[in-house]
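Descriptive structure summary
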Amino acid sequence: MQRFAFQLTALALGAAGLVACSLPQGSADETPSTASIREELKASFQPKGQATLDRLDQSPLQAACSAYAMNPNDSDLRKQLDALMVEQMNTVQYPADGHYLGDWKKGEKIAQTGKGKQFSDDPEKPSGGNCYACHQLSPKEIAYGNIGPSLLHYGKLRNYSPEAMKVAWAQIYNSKAFHACSTMPRFGEQGILTQAQIKDVMALLFDPKSPVNQ
Ligand code: HEC
């Protein structure tokens, strides 16, 4: 028992030592400033290909979300986030021709593909949506994540209504227009998917022939 306690202490000291070593200028009992943590973080990344260091800069919305995660009862922050969500909604561009649906077969490929935006990816090639990483879609695909809700029977459950299509389009285009601190990528707003690609994933959700609706 004593030996166990000793080992735990040693472990705790070891861990503290490690933290102290990695803290930018300062001793273990000195809390590092946010700015110094940012600097340290930036210094530990190397820009490579399209993955440049500006990716570490937070937008005002991301900064507000980080602050809100630490202070979830701060009503001023909540108001700030609500205002920022309106801004996000204003970024949504609906399809110029008024047609929301493309080809669900292409949409399935986009949903399956996690390529794009990484340093090793060719920026000239189209990116994927990686939807299955977070959502269930076609029942034929059994490997899917559950960070997001299941999208099985998505269109069918909404009677394929044009209103539901409009909302889903906006949600895919810019998820932060609906949930300020959403973890879902802003596919349209960040230029990850083109309008044509968004139409294809929309068809995966809303085409009655799509496996999602079987
Ligand atoms: C990193 C995880 C992640 C990825 C990747 C992702 N989503 Fe999401 N998605 C979420 C989460 C989480 C939600 C729940 C709402 C929120 O937090 O924004 C969501 C919500 C949605 C909704 C709204 C569901 C509802 O309640 O009506 C749709 C539609 C959607 N996602 C479609 C997609 C499509 C299509 C793709 C791929 C192009 C995709 N998502 C990729 C995480 C993700």
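As recorded in an unreviewed UniProt entry, the protein chain goes by the name Sulfur oxidation c-type cytochrome SoxX, listed as coming from Limnobacter litoralis.

A separate point is the overall build of the protein chain. Scanning the protein chain for helices and strands turns up 8 helices and 0 strands. Written out in order from the N terminus, the α and β elements of the protein chain read α-α-α-α-α-α-α-α. Looking at the protein chain residue by residue over its 214 residues, the buried ones come to 33%. The long-range share in the protein chain, meaning contacts at least 24 apart out of those at least 6 apart in sequence, stands at 56%. A total accessible area of about 13700 Å² is found for the protein chain, and carbon and sulfur atoms account for 59% of it.

So, about the site of the ligand. By nearness alone, 20 residues border the ligand, and C131, C134, H135, S182 and M184 come closest of all. One nitrogen or oxygen atom from the side chain of S182 is found 2.6 Å from an oxygen atom belonging to the ligand. Of the residues belonging to the shell around the ligand, the class tally is 11 nonpolar, 8 polar and 1 charged.

Its place among the elements puts D207 in the segment after α8 (195-206). If sequence neighbours within four positions are ignored, D207 has contacts with L101, W104, Y160, M202 and N213. Of the polar contacts made by the side chain of D207, one reaches the backbone nitrogen of K209; its length is 2.8 Å.

Positive phi, normally seen in glycine, also occurs at N130, with a value near 55°. As for its placement among the helices and strands, N130 is situated in the loop between α5 (104-112) and α6 (154-157). For N130, a relative accessible area of 37% corresponds to the partly exposed category. Of note in the backbone geometry, Y160 takes a positive phi value of approximately 50° without being a glycine. When you line up the elements, Y160 lands in the loop between α6 and α7 (162-173). Its relative accessible area of 26% is what places Y160 among the partly exposed residues.

For the iron atom of the ligand, the full set of protein donor atoms is H135 (NE2) and M184 (SD), at a range of 1.9 to 2.2 Å. Seen from the iron atom of the ligand, its 6 donor atoms lie at angles of 86 to 179°, and the figure they make is octahedral. Note that H135 is positioned in the loop between α5 and α6 and M184 in the loop between α7 and α8, a separation of 49 residues in sequence.

Attention now moves to the state of the cysteines. For the coordinates displayed, the defined rule picks out 1 disulfide. Across a sulfur-sulfur distance of 2.1 Å, C65 and C181 are joined as a disulfide pair. The sign of the S-S torsion, about -90°, decides the handedness of the disulfide formed by C65 and C181: left-handed. Of this pair, C65 sits in helix α3 (residues 60-70) while C181 is found in the loop between α7 and α8, placing the two residues 116 residues apart along the sequence. What makes C65 buried here is its relative accessible area of 13%.

Definitions and limits used
- Residues numbered from 1 in each chain as written.
- Predicted model: local features only at pLDDT ≥ 70, side-chain atom pairs only at ≥ 80, totals over all residues.
- Heavy atoms only, no water.
- Helix = DSSP H or I, 4+ residues; strand = E, 2+ residues; numbered from the N terminus.
- Buried < 20%, exposed > 50% of the residue type's maximum accessible area, 1.4 Å probe, protein only.
- Contact = heavy atoms within 4.5 Å.
- Areas by Shrake-Rupley, 256 points an atom, 1.4 Å probe, with all protein chains shown as cover.
- Near = heavy atom within 4 Å.
- Polar contact = N/O pair within 3.5 Å; in protein donor to acceptor, adjacent residues only side chain to side chain.
- Nonpolar A, V, L, I, M, F, W, Y, C, P; charged D, E, K, R; others polar.
- Donors = N, O, S within 2.8 Å, 3.2 Å for Na, K, Ca; no water.
- Tetrahedral: all angles 85-135°; square planar, octahedral: opposite > 155°, others 65-115°.
- Disulfide = S-S within 2.5 Å.

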